[in-house]
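Coordinate analysis (summary)
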Amino acid sequence: MSSSRSRSSRSHQRSSSDVSSSRSTSTYGQVIERPFRLPSVSDRSEGLQGPSTMSQTPSRSHSNFESESGSRSRSSSASRPAGLGNTFDPIRDQVAHTIVVRATYKAETIDGTKVGVILTLPHDAGEQFLKVVASRLKRAMTNPKVECYLFILALPTQGLSPLLICSSDEQLSERAGLLVNSKFLNRIARHELRHGRWGALVRDLCTTTYDEAALWDAVRKAARKPIDPLIPPPGSRSISQVLERARARLQRITPEQALHELQDIAPLWPVVLVDIRPEAQRKAFGSIAGALIIERNVLEWRFDPRCAARLPIADRYDLRVIIFCQESYTSSLAAASLHDLGMLNATDMIGGYAAWKEAGLPDEVEVSSTAPPTEGRVSVPVEE
């Protein structure tokens, strides 16, 4: 009995001494006393993986295992984007998932299309991270209730910022891209449409509050369904209707009547003849000497008595203004515009300059009241 206890004691001592003398070899259920540390960026670039160095097999040395582990890590990381280590992939995916959840919660629905703007913080992966978010968004949108979606993803950074437009329809992406390109004039360094996604690099993105509002405006307007051009929206009018209503407000006169009014000295109000044609038409077809040359783009500013840029003669609302263009279409709209200013005596000449020439009226007329001539190329002044 005593001999068996002594043999058991000697066996226990022998096994204990074996364990204490071989601390670097792992046995089943034994904790290896080796310091643990999180893998750093340099470790990832060298191919070291933290969890893999925690255990070894008895047949391999520590140095051989690390070299084999490093070679496996380098071969597998060659197919991954730079900066996306295997250790942090779950964290990156979780961040992308959180961003998508928040964005879909704040999304709007425009004509059946779910739209939104995602502005995320800078990430070391840059454009690759936006693609991860786009992939997460695509999976989140695979819902029978969501048939169409359109999102703008951007990563504002200093200098050039990556921007990605992803959608369920390539035409939606292209339409939104054209709107973004128009809103950020001279700030799009490069852009392209590929695989249904519109990507670009934008200078100084989100340096002002305008940028985010402009992105939202782009997705909202791009998501609107196309309308039938033959079905006008409510309240709209064709140009024929606009012209008809304008002429209904006027007492239009013929060229002969216009010449008579210009030479009549009986009325108490002054009368002026105004040529609103562009310079090219005046050179091509001729002009009437004595008429005021005031091109259409400055007409209202010259005949508004309340405007500082008015003509000296436009100091009263009973002024008789007879307007003509080449064929009396633009002149009717112009005379109606003067009515809106309060110049209710304004009218236009039926048939325009073409009717004047056809009637054989003189190219020079003496008018009862004129104002100093004005240059046709004068620009609209900015009032302070």
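Rules and cut-offs
- Within any chain, residue numbers begin from 1 and follow the written order of that chain's sequence.
- Where local features are concerned, this predicted model is filtered to residues with pLDDT of at least 70; where side-chain atom pairs are given and counted, the filter is 80 or more; whole-chain, interface and lining totals use all residues.
- Side-chain numbers here rest on the full set of heavy atoms in the structure, without hydrogens or water.
- Strands are labelled as partners when DSSP assigns at least two bridges between them.
- Comment: elements are numbered from the N terminus, with helices defined as DSSP H or I runs of at least four residues and strands as E runs of at least two.
- Lines are fitted to the C-alpha atoms to define the axes, a helix being fitted only along its stretch in contact, and any angle between axes, read from their N-to-C directions, falls within 0 to 180 degrees.
- Any two residues whose heavy atoms approach within 4.5 Å are treated as being in contact.
- Any residue under 20% of the maximum accessible area for its type is buried, any over 50% is exposed, and the rest in between are partly exposed; the area is computed with a 1.4 Å probe on protein chains only.
- In this analysis the probe radius is 1.4 Å and the grid spacing 1 Å, with only protein atoms considered; a cavity is a set of points the probe fits into but cannot get out of, a pocket is an open set with protein on both sides within 12 Å along at least five of seven lines, and lining residues have an atom within 4 Å of a point.
- Grid points are joined across faces, edges and corners, and a volume is the space filled by probe spheres set on the points.
- The definition of a polar contact used here is a pair of N or O atoms within 3.5 Å, where within protein one atom must be able to donate a hydrogen and the other to accept one, and adjacent residues in sequence count solely through side-chain atom pairs.
- Oblique is the label for any angle not under 35 degrees, not over 145, and not in the 65 to 115 range, which are roughly parallel, roughly antiparallel and roughly perpendicular in turn.
- Left-handed describes a crossing whose near helix is turned anticlockwise from the far helix by less than a right angle; the clockwise case is right-handed.
- In the scheme used here, Gly and all other residues not listed as nonpolar or charged are polar, with Ala, Val, Leu, Ile, Met, Phe, Trp, Tyr, Cys and Pro taken as nonpolar and Asp, Glu, Lys and Arg as charged.
- Residues belong to a common nonpolar core when they are buried Ala, Val, Leu, Ile, Met, Phe, Trp, Tyr or Cys residues joined through side-chain atoms within 4.5 Å.

The chain has the name Rhodanese domain-containing protein in an unreviewed UniProt entry, where Dichomitus squalens is given as its organism.

**With respect to the pairing of strand E5 (residues 188-194)**
Direction of pairing for E5 relative to strand E6 (residues 197-203): antiparallel, over a ladder of six bridges. Its bridge partner being in E6, Arg-194 is matched across the sheet by Arg-197.

**Observations concerning the sheet that holds strand E3 (residues 148-154)**
Backbone-to-backbone hydrogen bonds join strands into a sheet, with any given pair of strands oriented parallel or antiparallel. Pairing is mixed in the open sheet, where six strands are placed in the order E1-E2-E3-E4-E6-E5. The open sheet has two edge strands with one neighbour each: strand E1 (108-110) and E5. For this sheet, the mean angle separating the axes of adjacent strands, direction not counted, is 20 degrees. Examined bridge by bridge, strand E2 (residues 113-119) and E3 share seven bridges and lie parallel to one another. Residue Ile-118 lies in a different strand from E3, and its bridge partner there is Leu-153. Across the sheet, helix H5 (residues 127-140) is in contact with E2, E3, strand E4 (160-167) and E6; its angle to E4 comes to roughly 20 degrees. On top of the sheet, helix H6 (residues 170-183) reaches E2, E3, E4, E5 and E6; it is set at about 145 degrees to E4, its chief contact.

**Quick word on the environment of Cys-148**
Relative to the helices and strands, Cys-148 is located in strand E3. In this structure Cys-148 comes out as partly exposed when scored by relative accessible area, which is 27%.

**Comments concerning the layout of surface pockets**
Empty pockets left among the atoms are what a rolling probe the size of a water molecule brings to light. Taken as a whole, the largest pocket spans an internal volume of roughly 410 Å³. Together, 15 residues line the largest pocket, and Glu-127, Lys-131, Leu-164, Glu-192 and Gly-199 are the ones closest to its centre. Contributing elements (two or more residues each) for the lining of the largest pocket: H5, E4, E5 and E6.

**What about the side chain of Ser-167?**
Considering the arrangement of structural elements, one finds Ser-167 in strand E4. On the basis of relative accessible area, Ser-167 is assigned to the buried category, the value being 12%. A distance of 2.7 Å separates the side chain of Ser-167 from the backbone oxygen of Tyr-149, its partner in a polar contact. Side-chain polar atoms of Ser-167 contact the backbone nitrogen of Asp-169, separated by 3.1 Å. If sequence neighbours within four positions are ignored, Ser-167 has contacts with Tyr-149, Leu-150, Leu-172, Ser-173 and Gly-196.

**Topic: unusual backbone geometry**
Peptide bonds are trans in most cases, and residues, glycine excluded, mostly fall at negative phi. The residue Asp-204 is not glycine, and still its phi comes out positive at about 50 degrees. Within the fold, Asp-204 resides in the loop between E6 and helix H7 (209-222). For Asp-204, a relative accessible area of 42% corresponds to the partly exposed category. Positive phi is not limited to glycine here, since Ser-328 has a value of about 75 degrees. Among the secondary structure elements, Ser-328 is positioned in the loop between strand E9 (320-324) and helix H12 (330-340).

**Here we look at the sheet that holds strand E8 (residues 292-293)**
Strand order in this open sheet of four strands is E8-E7-E9-E10, and the pairing throughout is parallel. In this open sheet, the two strands that pair with only one neighbour each are E8 and strand E10 (347-348). Where helix H9 (residues 255-263) meets the sheet, it contacts strand E7 (271-275) and E9, and its direction lies at approximately 135 degrees from that of E7. Helix-sheet contacts for H12 involve E9 and E10, and the interaxial angle to E9 is about 155 degrees.

**Observations concerning the packing of helix H4 (residues 89-106) against H5**
Describing two packed helices takes the angle between their axes plus the distance from one axis to the other. Packing of H4 against H5 leaves a shortest axis separation of 9 Å and a crossing angle of 55 degrees. With respect to their mutual orientation, H4 and H5 come out oblique. Here the hand of the crossing between H4 and H5 comes out right-handed. Taking contact as the criterion, the partners of Arg-92, Asp-93, Val-95, Ala-96, His-97, Ile-99, Val-100 and Thr-104 in H4 are, on H5, Phe-129, Val-132, Val-133, Arg-136, Leu-137 and Ala-140. Partitioning the contact of H4 with H5 into residue classes produces nine nonpolar, two polar and three charged.

**Digging into the nonpolar core**
One recurring pattern in soluble globular proteins: nonpolar side chains tend to sit buried together. In terms of nonpolar packing, the biggest core is built from 24 residues, with Leu-150, Ile-152, Leu-163, Ile-165, Val-180 and Phe-184 touching the most fellow members. Of all the secondary structure elements, the ones that give two or more residues to this core are E2, E3, E4, H6, E6 and H7. The element that contributes the greatest number of residues to this core is H7, accounting for six residues. In this view, Val-180 contacts Ile-152, Ile-165, Ile-188, Trp-198, Leu-215 and Ala-218; residues no more than four positions away in its chain are not counted. One finds Ile-276, Ile-313, Leu-319 and Ala-334 within the second-largest nonpolar core, a separate group that totals 22 residues.

**Focus on the pairing of E6**
A regular strand carries its side chains on alternate faces of the sheet. Summarising burial for E6: five of the seven residues are buried, a large majority. Sheet topology note: the E4/E6 ladder contains six bridges and is antiparallel. Bridged to Pro-162 within E6 is Leu-201. From the end of E5 to the start of E6, which pair antiparallel, there are two residues, and His-195 there has a positive phi angle of about 55 degrees.

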